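Per-entry structural report
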Amino acid sequence: QVQLVESGGGLVQTGGSLRLSCVASGIIFRINAMGWYRQAPGNQRELVATITSGGSTNYADSVKGRFTISTNKAGNTVYLQMNSLKPEDTAVYYCNADLRALSRPYNDDYWGQGTQVTVSS
């Protein structure tokens, strides 16, 4: 059973920083990409940043220059360093992984449970 477990959310003032972490556990054959999405109340879930197994990154325009996505050497943990936070960054942040579990013959999309990030003005 593959699981994604996030940590690192919390309350921070405008201009502050937070670092989110997400660990993919279970018997995994291959991780193709990992990423972060967020959903604010009343809004649809939106992409924040993604990173492929080859290290290619993609960011939403709203976070470019402020957020940085990275992974550990093993490739099973993804981080999101968030600097210069704004109130509009307030949302539940979800970890996502496109991976193939050893028990399945194809790739699947997995999601974490979400972690709340609140930026006060």
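This is a predicted model, so every value here is computed, not measured. (Residues numbered from 1 in each chain as written. Predicted model: local features only at pLDDT ≥ 70, side-chain atom pairs only at ≥ 80, totals over all residues. Heavy atoms only, no water.)

Things to note about the pairing of strand 8 (residues 77–82)
As a reminder, the rule being used: Partly exposed residues are those whose accessible area sits between 20% and 50% of the maximum for their type, while under 20% is buried and over 50% is exposed, using a 1.4 Å probe and protein chains only. Put simply, DSSP marks the helices as runs of H or I at least four residues long and the strands as runs of E at least two long, and each gets a number from the N terminus on. Here, any two strands with at least 2 DSSP bridges between them count as paired.
Burial of strand 8 is extensive: five of the six residues sit out of reach of the surface. Note that strand 3 (residues 18–25) and strand 8 share six bridges and pair antiparallel. Opposite arginine 19, over in strand 8, you have glutamine 81 as the bridge partner. Pairing analysis gives five bridges linking strand 7 (residues 67–71) to strand 8, with the strands arranged antiparallel. Looking across to strand 8, one finds that serine 70 is bridged to tyrosine 79.

Things to note about the pattern of salt bridges
Selection criterion: Any carboxyl oxygen of Asp or Glu that lies within 4 Å of a side-chain nitrogen of Lys or Arg is treated as forming a salt bridge with it.
Summed over all chains, the structure comprises five salt bridges. Glutamate 46 is the salt-bridge partner of arginine 38, the closest N and O atoms lying 2.7 Å from each other. The buried category is assigned to arginine 38, whose relative accessible area is 6%. Here aspartate 89 and arginine 38 are joined by a salt bridge, their closest N and O atoms 3.0 Å apart. Pair noted here: aspartate 89 is in the loop between strand 8 and strand 9 (91–101) and arginine 38 is in strand 4 (residues 28–39), with a separation of 51 residues, a long-range link. The network of salt bridges with shared partners includes Arg38, Glu46, Arg66 and Asp89.

A word on the environment of serine 120
Defined as follows: In what follows, residue pairs with any heavy atoms lying within 4.5 Å of each other are defined as contacts.
Position of serine 120 among the secondary structure elements: in strand 11 (residues 115–120). Once the C-alpha coordinates of serine 120 and leucine 85 are considered, the two residues, 35 residues apart in sequence, prove to be 9.3 Å apart. When sequence neighbours within four positions are dropped, the list of residues in contact with serine 120 reads Leu11, Val12, Gln13 and Thr14.

Focus: the sheet that holds strand 1 (residues 3–7)
Applied cut-off: Between N-to-C directions, angles span 0 to 180 degrees; the directions come from axes that are lines fitted to C-alpha atoms, helices contributing only their stretch in contact.
Strand order in the open sheet formed by four strands is 1-3-8-7, and the pairing between neighbours is antiparallel. This sheet does not close on itself; its edge strands, each paired only once, are strand 1 and strand 7. Strand-to-strand twist in this sheet, taken as the mean axis angle between neighbours without regard to direction, amounts to 15 degrees.

Describing the packing of aromatic side chains
Heads up, the rule is: Ring pairs shown here join Phe, Tyr and Trp side chains whose ring centres sit within 6.5 Å, with only the six-membered ring taken for Trp; geometry is labelled stacked below 30 degrees between planes, edge-to-face above 60, and tilted in between. Consider the ring centre and the ring normal. A charge sits over the ring if Lys NZ or Arg CZ is within 6 Å of that centre and within 35 degrees of that normal.
Considering all chains together, one arrives at one aromatic pair under this definition. Ring geometry for tyrosine 37 and tryptophan 111: centres 5.1 Å apart, planes at 65 degrees, overall edge-to-face. Pair noted here: tyrosine 37 is in strand 4 and tryptophan 111 is in strand 10 (residues 108–111), with a separation of 74 residues, a long-range link. Judged by its relative accessible area of 36%, tryptophan 111 is partly exposed. In this structure, arginine 45 packs its charged tip against the face of tryptophan 111, placed 4.7 Å from the ring centre.

Regarding the nonpolar core
Just so we agree on the cut-off: By convention a nonpolar core is built from buried Ala, Val, Leu, Ile, Met, Phe, Trp, Tyr and Cys residues, the set being connected through side-chain atoms within 4.5 Å.
In terms of nonpolar packing, the biggest core is built from 31 residues, with Met34, Trp36, Leu80, Met82 and Tyr93 touching the most fellow members. Counting only elements with at least two residues in this core, the list comes to strand 3, strand 4, strand 5 (46–52), strand 7, strand 8, strand 9 and strand 11. When residues in this core are grouped by element, the largest group, six residues, is from strand 9. Once residues within four sequence positions are removed from consideration, methionine 82 is found in contact with Gly16, Ser17, Leu18, Leu20, Arg66, Phe67, Tyr93 and Val117.

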